[in-house]
Every structure is written in C-alpha cells, then in structure tokens.
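Chain residues, written in single-letter form:
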Amino acid sequence: MSTQKSRRNSDNFIMLPTVDFCFKELMQNPKVRKGFIAAILGKSPGTIRRTTLIPTALQKESEEDKLGILDVLVELEDGTKMNMEMQVSYFDCWTNRVLFYLGKIYTGQIKEGEDYDRLRKCIHVSILDFVHFPQDEKCCRKIVFCNAESGEQYTDLMELHILELKKLPPKDQSEDGIIRWMRFLGGKNRKEFEDMAKKDEYIEEAYNELKKLSLDEEKRLEYELRQKAVRDHNMMMKSAEKRGLEIGRKQGEQLALKRVVEKQLKAGKTVEETAELLGMDIQEVRELTEE
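The notes below deal with the structure included here. From a predicted model like this one, the values you see are computed outputs, not experimental measurements.

1. Here's the deal with the packing of helix H6 (residues 190-197) against helix H7 (residues 201-215)
- Two elements in contact, H6 and H7, have axes whose closest approach is 8 Å; the angle formed by their N-to-C orientations is 145 degrees. Helix-helix and strand crossings are classified by hand; for H6 and H7 the assignment is left-handed. Contacts from Arg190, Phe193, Glu194, Met196 and Ala197 in H6 reach Ile203, Glu204, Tyr207, Leu210 and Lys211 in H7.
- Classifying every residue of the contact of H6 with H7 gives six nonpolar, no polar and four charged.

2. Notes on H7
- Its 15 residues place the ends of H7 21 Å apart at the C-alpha level, agreeing with the 21 Å of an ideal helix rising 1.5 Å per residue.
- Of all the positions in H7, only Tyr202, Ile203, Ala206, Tyr207, Glu209, Leu210, Leu213 and Ser214 are classed as buried. Along the axis of H7, the buried residues cluster in a sector spanning 160 degrees; they form a single face.
- Where H7 begins, the side chain of aspartate 200 points an oxygen toward the backbone nitrogen of tyrosine 202, at a separation of 2.7 Å.

3. Considerations on the nonpolar core
- In this structure, Phe23, Phe36, Met84, Ile127, Ile178, Trp181 and Phe184 are the most contacted members of the largest nonpolar core, which totals 45 residues.
- Sorting the residues of this core by element identifies helix H2 (20-26), helix H3 (30-41), strand E2 (71-76), strand E3 (81-87), strand E4 (122-128), helix H5 (177-185), H6 and H7 as the ones contributing at least two each.
- Excluding residues within four positions of it along the chain, phenylalanine 36 makes contact with Phe23, Met27, Met84, Ile127, Leu163, Ile178, Trp181 and Leu185.
- In this structure, Trp94, Leu128, Met158 and Ile162 belong to the second largest nonpolar core, which totals 15 residues.

4. Quick notes on the environment of isoleucine 179
- Examined against the element boundaries, isoleucine 179 turns out to sit in helix H5.
- For the pair formed by isoleucine 179 and alanine 39, sequence separation is 140 residues and the distance between their alpha carbons is 8.4 Å.
- The contact partners of isoleucine 179, leaving out residues within four places of it in the chain, are Cys139, Cys140 and Leu168.

5. Quick look at the packing of aromatic side chains
- A complete count under the given rule lists eight aromatic pairs for this structure.
- Both rings, one in phenylalanine 13 and one in tyrosine 223, keep their centres 5.7 Å apart while their planes meet at 75 degrees; by these two values the pair is edge-to-face. On the criterion of sequence distance, the pair formed by phenylalanine 13 in the loop between helix H1 (2-10) and H2 and tyrosine 223 in helix H8 (residues 217-266) is long-range, its members being 210 residues apart. Summarising the burial analysis for this pair, phenylalanine 13 and tyrosine 223 share the class buried.

Thresholds applied
Residues numbered from 1 in each chain as written. Predicted model: local features only at pLDDT ≥ 70, side-chain atom pairs only at ≥ 80, totals over all residues. Heavy atoms only, no water. Axes fitted to C-alpha atoms, helices over the stretch in contact; angles between N-to-C directions. Helix = DSSP H or I, 4+ residues; strand = E, 2+ residues; numbered from the N terminus. Left-handed = near helix turned anticlockwise from the far one by under 90°. Contact = heavy atoms within 4.5 Å. Nonpolar A, V, L, I, M, F, W, Y, C, P; charged D, E, K, R; others polar. Expected span 1.5 Å × (residues − 1). Buried < 20%, exposed > 50% of the residue type's maximum accessible area, 1.4 Å probe, protein only. Arc of directions from axis to C-beta. Polar contact = N/O pair within 3.5 Å; in protein donor to acceptor, adjacent residues only side chain to side chain. Core = buried A, V, L, I, M, F, W, Y, C linked by side-chain atoms within 4.5 Å. Phe/Tyr/Trp six-rings, centres within 6.5 Å; stacked < 30°, edge-to-face > 60°.

Here you go:
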C-alpha cells in the first residue's frame, strides 16, 4: 500500500478544476475563494472582507444517483448569497435549472411571516466547459433584470454570471480579472497552472491548493470516482442517443416500406404479387398491412 501511495504521489498527476469535485475543494480555501469572488464582482480582493461557506447537499433524484452537480454556496459580509457551479457537459433545460435554483436561494432567505426587506442579493455563477451562447465569441457575461425597451436595470437583487471556458482564446492575451481565473479553471496541465500562478497571488494560492489536493490519497480517490461517474453518465447518454437514433431510423424505414406496400395493394396487386415485387416474405407484407 505504501509503495502504491509513493508511486501515485511521485507522478505528475494534477487535479483539473473542471471536475466539480476539485472546484468545490478549491473553494474551501478562504484566500482562493476571496480571489475568485472578487474577480467575478470586478472588485479588488482587499474589498472582500468575509466569505462564509454555506453547506450544500449533493442533489439526488434517487439514492442510486451519484451525479448531482456539486455546487458552492457562499455568503458575503453584506448578506449577498453567491452560488457557484462547474458543469462540463451540456444538457437540456440548463437555463431553466439555473433560474430555478437562483429563485430557490432567493426565496429561501425568509420564512413565513417575515418581511421582504430581509431579502438580500443572490448571484448564480455558471462555469461551463461547453458553449452555451453560440451566437457570439464573448466568454463571460453578466445577466440582470432590465427594462426590455430601454435596457435600464430594474433590480440587481438577482444576477447571473455565465462563464464559457471553451470560448477563451488559445493563448493568454495579457489577461487579468475573471478572464485570468477562467484560464486557470480551464487549465489542463502543471505547466499552464505554474505559468498563471506567477501572475497573481490568489491564483498562486489556488495552484498550491491544487498541488496539495493532488497529493492527498483520499481526495484523489474521490476525484477519480467523480470523474468515473461523469464519464459513465456521458457514455450512457451517448449510448441512449445512439439507440434512439437507430430505433428512429428503423421505424422510418418500416413506415416507408408500409406506404410502398399499401400503394401496391391499392393499385390492385395481391399480397403475393407485392411480396414478389419487393423481394419480401408474404408474411412480412401481411404484417405491414395489419399494423
């Protein structure tokens, strides 16, 4: 066991932040959390005085479901709630899901009988390793409630930040702020992380935390199990899609053949003549006419 542990810890393995388990672990570090939140809000880290993690449970549809998205919920000093999620695979109704959870966090701030003035700002941050807005090349955007005609902001009490890692340019363009953090979160190897760590003390802290996590045998096992769960889920989705397409193709062919058979019969041909003409068994023709 010790030999295996030594081998695993001496290799060049590094966790990737795009795995939501790794991202959530990074956000346990107060300095990393402060740096990332400041970048999202467009502020200096020095102005972010307190960030408190709020425990979140893994969302499950059933006891067997181990793929619920791992999120990070933080409360800032002024009471603002910020929910952050890393998601690598596209799925339908992503927008609906984000709005549902943002609304749930917002309304969950008060209990029955309490006044609405207790409600504080809620922000949802989606870090996506896929393209959500294909119509442009903008890799990060802030979305708020606005007047549809004038564009005037109605309220800042609910806010969405969508970060699309796939839209980052292939090379660093002397970036800073949230773009630099996005490049770190989308990093793929030690060299990339090391280069970015030299440019920002908060990203350096994130890289150091990443190295510690990668050397932790228990954390690495959790990370690898999480990766496997995501891979298995994606493979099942692809297999289901492939089976669905194959079934659809066969159903389409069957329907087309049925129409040809019906056309021949309406033209006065017998079942036997139709079968011979189409190179089919007589029983196949009969089954199509009975459907």
